[in-house]
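These are the residues of each chain, in order.
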Amino acid sequence: METKHLLTGNEAAAEAAIIAGCRYYYGYPITPQNELINYLATRMPQVGGTFIQAESELAAINMVYGSAAAGARTMTSSSSPGISLKQECISYMAGSELPCLIVNMQRGGPGLGDISTSQADYFQAVKGGGHGDYRIIVLAPSTVQETADLVYDAFDIADKYRNPVMVLGDAQIGQLMEPVVFHKERKNNVADKPWALTGSKGRKKNIVKSFYPVKGELEVFNKKLQEKYKRIEDNEVLFEDLNTNGADVVLVAYGTTSRICKDVINKYESGNHQLGMLRPISLWPFPTKKIREISESAKAIITIEMSAGQMVEDVRLAVEGRCPVHFYGRTGGGIPTPKEILKKIDELGF
Amino acid sequence: METKHLLTGNEAAAEAAIIAGCRYYYGYPITPQNELINYLATRMPQVGGTFIQAESELAAINMVYGSAAAGARTMTSSSSPGISLKQECISYMAGSELPCLIVNMQRGGPGLGDISTSQADYFQAVKGGGHGDYRIIVLAPSTVQETADLVYDAFDIADKYRNPVMVLGDAQIGQLMEPVVFHKERKNNVADKPWALTGSKGRKKNIVKSFYPVKGELEVFNKKLQEKYKRIEDNEVLFEDLNTNGADVVLVAYGTTSRICKDVINKYESGNHQLGMLRPISLWPFPTKKIREISESAKAIITIEMSAGQMVEDVRLAVEGRCPVHFYGRTGGGIPTPKEILKKIDELGF
Amino acid sequence: MEKIFTRPESLLDVPTHYCAGCGHGVVQRLIAEVIDSLGAREKTIGIAPVGCAVLAYNYFDFDMSEAPHGRPPAVATGIKRVHPENLVFAYQGDGDLAAIGIAEIIHTANRGENITVIFVNNAVYGMTNGQMAPTSIMNQKTITTPQGRTSSEGYPLKVCELLSVLDGSSFLARVSTSTPENIRLTKKTILKGFTTQIEKKGFALVEVLSACPVYLRMEPEESLKFIDNEMTKTFPLGVFKDWETNNS
Amino acid sequence: MEKIFTRPESLLDVPTHYCAGCGHGVVQRLIAEVIDSLGAREKTIGIAPVGCAVLAYNYFDFDMSEAPHGRPPAVATGIKRVHPENLVFAYQGDGDLAAIGIAEIIHTANRGENITVIFVNNAVYGMTNGQMAPTSIMNQKTITTPQGRTSSEGYPLKVCELLSVLDGSSFLARVSTSTPENIRLTKKTILKGFTTQIEKKGFALVEVLSACPVYLRMEPEESLKFIDNEMTKTFPLGVFKDWETNNS
Amino acid sequence: MPRIEINKDRCKGCLLCVPVCPHDSLEISIALNVYGIHIAAFKIDGICSGCTNCATVCPDAAIEVFKD
Amino acid sequence: MPRIEINKDRCKGCLLCVPVCPHDSLEISIALNVYGIHIAAFKIDGICSGCTNCATVCPDAAIEVFKD
Amino acid sequence: MIEKVILAGYGGQGMMLFGKLLAQSVMMNGKYVTFYPSYGTEVRGGKAFYHVIISTDYIFSPVIDEADTLIIMNNPSFDKFQNCIVNNTHLFYNSSLVHLPNDLPDDINIFKIPATEIANDIGNLVASNMVMMGAYNCVKNLIPRSRFLYCLRTSLTGKKAALFEINKLAMERGEQYVQENYNINYDIGQDE
Amino acid sequence: MIEKVILAGYGGQGMMLFGKLLAQSVMMNGKYVTFYPSYGTEVRGGKAFYHVIISTDYIFSPVIDEADTLIIMNNPSFDKFQNCIVNNTHLFYNSSLVHLPNDLPDDINIFKIPATEIANDIGNLVASNMVMMGAYNCVKNLIPRSRFLYCLRTSLTGKKAALFEINKLAMERGEQYVQENYNINYDIGQDE
Ligand SMILES: Cc1ncc(C[n+]2csc(CCOP(=O)(O)OP(=O)(O)O)c2C)c(N)n1
Ligand SMILES: Cc1ncc(C[n+]2csc(CCOP(=O)(O)OP(=O)(O)O)c2C)c(N)n1
Ligand code: SF4
Ligand code: SF4
Ligand code: SF4
Ligand code: SF4
Ligand code: SF4
Ligand code: SF4
Ligand SMILES: [Mg+2]
Ligand SMILES: [Mg+2]
């Protein structure tokens, strides 16, 4: 039988990274992701990997830039304010087409906020907190097990598309302990990287860069990037569909709030409506098509977030007015309760 | 007669800041905003102000945090990569409700990109490049004169709402020279700031902070913030309307691209369509209501940007499917030409 | 009866969130005592760091600002430039000052910014539960150096020594909270840190070796011995620069 | 006829974008000569800064990476950890290294990271058209110090002196490109910077005083005199730390 | 005679005051405060010379010292 | 006799090579290159001892030195 | 079967260990489980709250708003979680430190445990957590004692190994206390 | 009236000053004007391009795609802006450095000015910009000479003031050259 471990999401992400072949971790402490960095401080040396507690989040992400440019699977992790500090380099990595994993266990904001849970970095993650037209792939787990599973995927997808991938959790996912099973046999699918910096022996020199000063070149490069993003949108959308087929009211929620919505659906059996839920797992690329489809038959969609309303914009962009899109959110560490969500459903008044 | 000065947008912004009573400037060089920092290096000392060339963009915005907390009108300026570095502190300033002006003269991205013009930091500016649910007010000038005018407004609005304001230009606006007239008589409307740190003489101590560790407090604070944002959305929307009334095709563009659209409208007189243009001046708050109104009668909207498609999302969110929203954009320094836009209009095929 | 020792006026009578035996409490009381002795409560503006001392603004009874992690010197600069006649100080931990904020402290010192920095070196990240700090000493076990700090994590960063190279720094001293005598000396040194500012002599920094018993995993009393017996070997006490004596 | 001086193999035969008389050209040729002399072209990985030398990756004929402004030491760390047997160096300007990137250089040096840094100190921001650098000397006129640098802008930052305080640094030297003799010494010193890495002795930095005639607003020849007559007063040449002689 | 007062709402029981008293007049109390902590106490037969050592080391400003 | 060659596509006319020649054998040329720059030239009657000074200071690696 | 337990005390009262041991033991017994720490703040010495949910089915939200069991170690904790009390909630409280109000609902089960005193008696103040654990498990009968002791032993490593016996003893005293005072049918000794 | 001029050379050929003086002079004469520098890159020694638009009406885009006038100082600049040539474009080029292809359209007006040589003759290589300026203004007749000289004088401050005479001379030589070679009606001397 597979061994079950009782681990936090932070620890599960760390161990999964090891299993996925990541041997270069650079990070800086911040609550609520400390269990991740703390875990790897012990674990990386055990597997002959590199662990550096960097002097800052900036230094950490730039070390990631280096190891990614050198061809290795590499990662960093932080929480909201620390992720903000990484934005310049994330834009550089997207511009240099470097694969890596960034874990963000979101906390309350803005500013120092607090260390309670939050989903208010959605915009930053999916619209690009850095400068320029770039995208990072964003995966949002809702359980500790899924955190581990998405970390494996993250490394594979990052290598496949030469693009940074973010696993977007929150304080709850990061600190929650649940049983998790690791798939030890998982192939360490390290892609062949002819573009990587390894010394130019036996080949022409490689250059890793995002600078395109010659007039016109940057536009050509941006077109290439946009084509890649189109491919990712076509191929890498992930979601969980819970009875949306035929549902007249559909909840849309990811990560922590999706669990609560599941609870609602479970509790709701005897309600007035046919309830369904759509859980985006990839936040970018967003399951736009699926939601459009849903909006063609549903009478209402309610987006549930721990924010003042961020993902709901992507839902509205998908729905384009075909059905009303409602929103219920809590901020600053508040977690929507099943009761509150049921009340919101009741208020629909049809 | 008013004196006309031939100045770059960068210089006009700098001089306007002085006229608006800003005496604390902190910045770090970066093209294409160098004319701004260079100008103030000479000008600030002349008016007894403080000019610090900081060691980094991070230091600069944190000095702004300090001077704003101390109650002064203060500003920083940069361009895309430098603005990315400021995101953590911008979130802090929003969270500490501190007024300031941030000027971003956008350049090509992602990463180092190039120094040509761009509008690809729209998402970062209006959705929040930093962490948490916050908003900064974003004003986008399209001429050198308007750059000066919006800088005055920016300081007033920032003080009125205790909120950071960004003037979002681009390499073209920043480096373009045009005649500009300064309104010397403009009132230096420095708001009364009882919350500012001045020493606690004769009153209870003040605290400037964004940390709300006591459970529930952060949510209360976030609600207060959201209410403020609602007030701003109700009161501070700015746009220019060019013949949208009765138009069947409406161009939506801001800043640099809006000038080209004006040219198109000028040239188009004899075309098939009744052409109009809506130029958002405040990008947040966005003229959502106005665009909704337009979408009720227009047959098509075309959003023109120097990006892969950013503001178009806000246009779509306003339109909600009421009419088709098309997009034409150039990236990496490419500026849409009148010809290209006319072609796009022709392709509408109705 | 005369009170010969009591809570200073600048320190509010509220419970702190610090662990039992934490050095932050001592240092903050000393700052309050010094501010009182200067009669400067109403013109003082302090900056609290992100670190265990984050809530210092709740404890001092004068104007206080938060600063993003590592940036108190920049925030202090922004405040001081607006209010040059106020007494402006930044309170920082070792992670805050010597790791993420090393750029800001160096350049603020180098500009000779007329502010005072109180630097609490407890050789560990308290707030985030015990990771290595830039000032963790060799072989010190922390949660991120479970085998003890080795050279591959770099060496303990000697802040006073580093800043003394800069032409802009005016007063630099390292003191400790390990004994009543040392605490009294610390108070005098903090006073000097503030008078340096009052006399417009430029940048002053007082490094205080302080205990974090929780993440040293020691009883409070033992943690003070650790300062005396271990920390001072790496971080010798003393004045590293003094504009008055031209000692540098 | 025998060629006794020619373009090194590691330097591609392409025109550079540098202004006439710019020191970057000399320093980059010297690096290429040293890499050639070590027979290391195929195992070298360089990092170009953001600054006038940003396009260095087009001129060297070996693997090269960009780095965000100020971060070459962190990027170099990330590369070196993956390829410890390759020769990894970061090339940085004074704005890049001593202003925005001061945190990274200090901590990389302090970790004793086994890399080589070539630090081109031209006392000004070339790329962005002539602003003050942390290394601008007192009274130097730049576009942001139109009256000349005064103490209120802080003092020239002496990088070798600063890093020599850190236990992690192994080789630190300051050289110049002002004369043929100095250039030859610079080459030898750069060689030592690389052999330090090859022999796994840890962090090496070579600071090269270099001319930016355009933003010194001088003829190239005059700008070299400025190095000898003015810059070296603030930035004395010499070896500041050497693992071999234990000089520090 | 000088004397001290320990504020039991402020005392966290770190016991740093105990070893610094030249007269060994401080001890850990048996009673618990609301947090379940044994706080410091002045010994029934303790002598105080008003040296202020205990107050000086107390991280919680929990000790006041009085003199005639 | 040693001699030098100046690559006129690389020379930017900075003239740093001129003062370092011990034989004063370099000068500014009258001819312009495609950028409109007067480049450096070896004097018709110049002497070269192959000291490599000129090549050493040249920021554009524009000078090659030859010896028998 | 579902059991939702809130553990609440201040940092240092060992609620973390209590929760982890509980979660681990039931996980090994094949149950679904979530263990959610909800720290007060990023700040020292704050309160420490843990939500443990044990279920035979998939667990949706790890956050508890209606508790089957409340384990309360100090007064502020009670104030905070009072509103999680519903019909039939089991309330265990450390009566050495906590004073309950008089107006509690009738339909709940209250267990008054002088945990700090008991722990003090056996010479280890911080073992009050294991006293509560013993009492709780004795009443709720969730974990075979051998399983629990196994987890306790493996979680106390290094220098802490020496604390096993005292913790075991504390747990037994907790069991004993509820048996003596609340007429509990004591069968948790049996192995699976 | 609208006049769209592209000035193109490499950094150091003084196109910036040319453009600024032109813009300033016409602004003072009450025209709308935009002056847009479009640097090649953040990189040294790049090409330097400037777009100047002069108009009696509000100017929409400061970027020129169809030029009324092209002023070309080196070959790469010509290659770059060739596609901005339309019917009746006036092309001024520095024939000391630029070689035009043979297949140019017939309907454009070409002015071949050996500006570098002329500037060299009067002893200041970098004054080639003012030679071109003189030629251009003489042909297009936009700015009264007095206005232009006023702007030139005020823009040359400090040490540069000494350069006024040589720049003025260069401008005059440019005027002279086109008059002699292109039969231009010379009336720009008149004041407003
Ligand atoms: C940008 C950012 N990074 C990281 C953190 C998390 N964090 C908070 S305090 C701290 C370090 C605390 O150590 P120190 O400065 O030594 O203070 P102490 O708690 O030891 O007094 C860290 C890493 C944060 N809040 N923000
Ligand atoms: C984050 C960021 N800030 C600022 C810039 C603009 N910038 C480019 S190079 C540079 C400084 C150049 O000076 P230095 O490092 O001394 O190099 P030099 O050009 O003198 O060789 C600056 C400020 C940038 N590209 N990115
Ligand atoms: S963790 Fe350490 S530094 Fe923080 S309050 Fe506790 S003892 Fe003090
Ligand atoms: S600006 Fe200065 S540093 Fe840059 S290329 Fe020109 S001379 Fe060299
Ligand atoms: S030092 Fe203070 S807090 Fe510590 S035990 Fe003594 S009185 Fe209590
Ligand atoms: S004041 Fe001195 S003598 Fe008195 S109790 Fe305190 S330490 Fe002892
Ligand atoms: S040093 Fe080189 S580039 Fe300069 S003039 Fe001489 S040959 Fe030309
Ligand atoms: S090699 Fe020496 S002697 Fe020959 S030309 Fe060059 S500098 Fe003169
Ligand atoms: Mg610390
Ligand atoms: Mg420089």
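Predicted, not measured: the structure shown is a model, and the values here were computed from it.

Peer 1: What is the right way to look at the interface of chain A and chain B in this model?
Peer 2: With 55 residues of chain A in contact, the opposing surface of chain B contributes 55 residues. Buried surface at the junction of chain A and chain B, summed over both partners, amounts to about 4,500 Å²; 57% is from carbon and sulfur atoms. Sorting the residues of chain A by area buried against chain B places Pro110(A), His131(A) and Glu219(A) first, and these three jointly supply 14% of that buried surface. A salt bridge links Arg330(A) to Glu219(B), with the shortest nitrogen-to-oxygen separation between them at 2.6 Å. Viewed at the interface, chain B and chain A are joined by 30 residue pairs in polar contact (both at pLDDT 80 or more). The set of elements that each furnish at least two residues to the side of chain A that touches chain B consists of helix H4 (80-85), helix H5 (87-95), helix H6 (122-128), helix H9 (217-235) and helix H12 (311-319) of chain A. For the side of chain A that touches chain B, the residue count by class is 16 nonpolar, 26 polar and 13 charged.

Peer 1: Sorry, what's going on with the interface of chain B and chain D here?
Peer 2: The extent of an interface is frequently quoted as the accessible surface area lost upon association of the parts. Tallying the contact residues gives 16 residues for chain B and 15 residues for chain D. Taken over both partners, the interface formed by chain B and chain D buries close to 1,200 Å², and the fraction arising from carbon and sulfur atoms is 59%. Contact with chain D buries surface across chain B, with Tyr28(B), Gln53(B) and Leu112(B) losing the most and accounting together for 41% of the total. Remark: the boundary between chain B and chain D carries zero salt bridges. Contributing elements (two or more residues each) for the side of chain B that touches chain D: helix H2 (34-46) and strand S3 (50-53) of chain B.

Peer 1: Explanation requested: the confidence of the model for chain G in the structure shown.
Peer 2: Residues shown with low pLDDT carry predicted positions that ought not to be read at fine detail. For chain G, the average pLDDT comes to 87, and 91% of its residues sit at 70 or higher. In the model of chain G, helix H2 (residues 75-81) of chain G stands out as the element of lowest mean pLDDT, 85, in contrast to strand S4 (residues 67-72) of chain G, which has the highest, 96.

Peer 1: I tried to follow unusual backbone geometry on my own but got confused; where do I start?
Peer 2: The general pattern is negative phi for most residues beyond glycine and trans for most peptide bonds. Residue Pro110(A) follows Gly109(A) across a cis peptide bond; omega there is -5°. Mapped onto the secondary structure, Pro110(A) falls in the loop between strand S5 (100-106) and H6. Unusually for a residue other than glycine, Arg162(A) sits at a positive phi of about 50°. Looking at the element boundaries, Arg162(A) is found in the loop between helix H7 (144-161) and strand S7 (164-170). The backbone phi angle of Asp24(F) is positive, close to 55°, even though this residue is not glycine. Overall, the relative accessible area of 46% leaves Asp24(F) in the partly exposed class.

Peer 1: Would you mind showing me how to read the sheet that holds strand S11 (residues 249-252) of chain B here?
Peer 2: Strand pairing in a sheet relies on backbone hydrogen bonds. The paired strands run either parallel or antiparallel. Residue and element names in this part refer to chain B. Pairing is mixed in the open sheet, where five strands are placed in the order S10-S12-S11-S14-S15. Each edge of the open sheet carries a strand with a single partner, namely strand S10 (239-242) and strand S15 (325-329). Along the sheet, successive strands turn relative to each other by an average axial angle of 20°, direction set aside. Direction of pairing for S10 relative to strand S12 (residues 275-280): antiparallel, over a ladder of four bridges. The residue of S12 that forms the bridge with Leu242 is Met277. Contacting S11, S12, strand S14 (300-305) and S15, helix H12 (residues 311-319) crosses the sheet at an angle of about 160° to S14.

Peer 1: What is the right way to look at the relation of the copies chain A and chain B in this model?
Peer 2: Between the two chain copies there is a screw-like relation: a rotation about an axis and a shift along it. With an RMSD of 0.0 Å, the fit of chain A onto chain B corresponds to turning through 180° and sliding 0.0 Å along the axis. Here the copies are linked by what is in effect a two-fold axis. When C-alpha distances to the rotation axis are compared across chain A, the minimum falls at Gly129(A), with a value of 1.8 Å. Counting the interface residues of chain A, we find that 100% of their copies in chain B are interface residues as well, pointing to one common contact surface.

Peer 1: What is the right way to look at the nonpolar core in this model?
Peer 2: Generally speaking, soluble globular proteins have nonpolar side chains that are buried together. By size, the foremost hydrophobic cluster in this structure holds 404 residues, and its most contacted members are Ile106(C), Leu205(C), Ile106(D) and Leu205(D). Residues contacting Leu205(D), with those up to four places away along its chain left out, are Leu97(D), Ile105(D), Val117(D), Phe119(D), Val159(D), Cys160(D), Leu163(D), Phe171(D), Leu172(D) and Ala173(D). Grouped together as the second largest cluster of nonpolar side chains are 48 residues, Met27(G), Ala48(G), Ala135(G) and Ile184(G) included.

Peer 1: Help me understand the site of ligand 1 in this model?
Peer 2: Residues in close proximity to ligand 1 total 24 residues, the closest being Glu57(A), His24(C), Cys52(C), Asp94(C) and Asp96(C). At the site occupied by ligand 1, the surrounding residues belong to chains A, B, C and G. Gly95(C) is positioned with one of its backbone polar atoms (N or O) 2.9 Å from an oxygen atom of ligand 1. Here ligand 1, which alone exposes 590 Å², has 99% of that area covered by the protein. For the shell around ligand 1, the elements supplying multiple residues, two or more each, are helix H4 (94-100) and strand S6 (124-125) of chain C. Sort the elements by how many residues they give to the shell around ligand 1 and H4(C) lands first, with four residues. The class makeup of the residues in the shell around ligand 1 is eleven nonpolar, eight polar and five charged.

Peer 1: Is there a simple way to explain the packing of helix H1 (residues 9-19) of chain B against H2(B) in this structure?
Peer 2: Residues and elements named next belong to chain B. Two elements in contact, H1 and H2, have axes separated by 7 Å at closest approach and are oriented at 40°. As H1 runs across H2, the sense of the crossing is right-handed. Where H1 approaches H2, its residues Asn10, Glu11, Ala13, Ala14, Glu15 and Ile18 are matched on the opposing element by Asn34, Glu35, Leu36, Tyr39, Leu40, Arg43 and Met44. By residue class, the composition of the contact of H1 with H2 is seven nonpolar, two polar and four charged.

Peer 1: Is there a simple way to explain the arrangement of the chains in this structure?
Peer 2: Here 16 pairs of chains make contact, and the pair sharing the most contacts is chains A and B. Between chain C and chain F there is no contact, and the shortest C-alpha to C-alpha separation is 33 Å. At their nearest point, the C-alpha atoms of chain G and chain H are still 44 Å apart, with no contact between the two.

Peer 1: Teacher, can you tell me more about the environment of Glu15(B) here?
Peer 2: All names here are of chain B. Take Glu15: it is sitting in helix H1. Once the C-alpha coordinates of Glu15 and Phe155 are considered, the two residues, 140 residues apart in sequence, prove to be 13 Å apart. Of note is the side chain of Glu15, whose polar atom sits 2.5 Å from the side chain of Tyr39.

Peer 1: Sorry, what's going on with H9(A) here?
Peer 2: The periodicity of an α-helix, 3.6 residues per turn, causes residues three or four positions apart to be oriented the same way. Residues and elements named next belong to chain A. In a regular helix each residue adds 1.5 Å, so 19 residues correspond to 27 Å; H9 covers 27 Å between its end C-alpha atoms and thus fits that length. For H9, the full list of buried residues reads Leu218, Glu219, Phe221, Asn222, Leu225, Lys228, Tyr229 and Ile232. Elements in contact with the buried residues of H9: H5, strand S6 (137-139), H7 and strand S13 (282-284).

Peer 1: It is not clear to me how the side chain of Thr244(A) should be interpreted in this structure. Could you clarify?
Peer 2: With respect to the helices and strands, Thr244(A) occurs in the loop between strand S10 (239-242) and strand S11 (249-252). Once you skip the residues sitting within four places of it in the chain, Thr244(A) turns out to touch Val250(A), Gly276(A), Met277(A), Leu278(A), Lys290(A) and Ile294(A).

Peer 1: Quick question: what am I supposed to make of the coordination of the magnesium ion (ligand 9) here?
Peer 2: A four-donor tetrahedral metal ideally has 109.5 degree angles, and a six-donor octahedral metal ideally has angles of 90 or 180 degrees. Residue and element names in this part refer to chain C. The protein atoms donating to the magnesium ion (ligand 9) are Asp94 (OD), Asn122 (OD1) and Val124 (O), with metal-donor distances spanning 2.1 Å. Spacing between the donor residues of the magnesium ion (ligand 9) along the chain follows D-x27-N-x1-V. Of the two residues, Asp94 sits in helix H4 while Val124 sits in strand S6, which places them 30 residues apart along the sequence. For Val124, a relative accessible area of 1% translates into the label buried.

Peer 1: Got a minute to help me understand the pattern of salt bridges in this structure?
Peer 2: Where charged atoms from two side chains of opposite charge approach closely, those side chains can pair. Under the defined criterion, the tally for this structure stands at 97 salt bridges over all chains. For the salt bridge of Arg203(B) with Asp63(C), the shortest nitrogen-to-oxygen distance reads 2.6 Å. Of this pair, Arg203(B) sits in the loop between strand S8 (177-180) and strand S9 (207-208) while Asp63(C) sits in strand S3 (residues 63-65), which puts the two residues in different chains. Given the relative accessible area of 27%, Arg203(B) is considered partly exposed. Across the pair Arg111(C) and Glu113(C) runs a salt bridge, and its minimum N-O distance is 2.7 Å.

Peer 1: Is there a simple way to explain the side chain of Asn222(B) in this structure?
Peer 2: The residue Asn222(B) is located in helix H9 (residues 217-235) in this model. Once residues within four sequence positions are removed from consideration, Asn222(B) is found in contact with Gly109(A), Pro110(A), Thr331(A), Gly332(A) and Asp133(B).

Peer 1: Got a minute to help me understand the sheet that holds strand S9 (residues 203-209) of chain D in this structure?
Peer 2: What the eight strands build is an open sheet, ordered S9(A)-S3(D)-S2(D)-S4(D)-S5(D)-S9(D)-S8(D)-S10(D); its pairing is mixed. For this open sheet the edge positions go to strand S9 (207-208) of chain A together with strand S10 (238-242) of chain D, each flanked by a neighbour on one side alone. By the bridge criterion, two bridges tie S9(A) to strand S3 (residues 63-66) of chain D in an arrangement that is parallel. Its bridge partner being in S3(D), Val208(A) is matched across the sheet by Ser65(D). On the sheet, helix H7 (residues 180-198) of chain D packs against strand S4 (87-93), strand S5 (116-121), strand S8 (169-176), S9 and S10 of chain D and is oriented at approximately 165° with respect to S8(D). Sheet contacts for helix H9 (residues 220-234) of chain D: S5, S8 and S9 of chain D; angle to S9(D), the most-contacted strand, approximately 130°.

Rules behind the numbers
- Residues numbered from 1 in each chain as written.
- Chains lettered and ligands numbered in written order.
- Predicted model: local features only at pLDDT ≥ 70, side-chain atom pairs only at ≥ 80, totals over all residues.
- Heavy atoms only, no water.
- Contact = heavy atoms within 4.5 Å.
- Buried area = accessible area lost by both parts, 1.4 Å probe.
- Salt bridge = Lys/Arg side-chain N within 4 Å of Asp/Glu carboxyl O.
- Polar contact = N/O pair within 3.5 Å; in protein donor to acceptor, adjacent residues only side chain to side chain.
- Helix = DSSP H or I, 4+ residues; strand = E, 2+ residues; numbered from the N terminus.
- Nonpolar A, V, L, I, M, F, W, Y, C, P; charged D, E, K, R; others polar.
- pLDDT = per-residue confidence, 0-100.
- Buried < 20%, exposed > 50% of the residue type's maximum accessible area, 1.4 Å probe, protein only.
- Pairing = 2+ DSSP bridges.
- Axes fitted to C-alpha atoms, helices over the stretch in contact; angles between N-to-C directions.
- Least-squares fit on C-alpha atoms with pLDDT ≥ 70 in both.
- Core = buried A, V, L, I, M, F, W, Y, C linked by side-chain atoms within 4.5 Å.
- Near = heavy atom within 4 Å.
- Areas by Shrake-Rupley, 256 points an atom, 1.4 Å probe, with all protein chains shown as cover.
- Left-handed = near helix turned anticlockwise from the far one by under 90°.
- Expected span 1.5 Å × (residues − 1).
- Donors = N, O, S within 2.8 Å, 3.2 Å for Na, K, Ca; no water.

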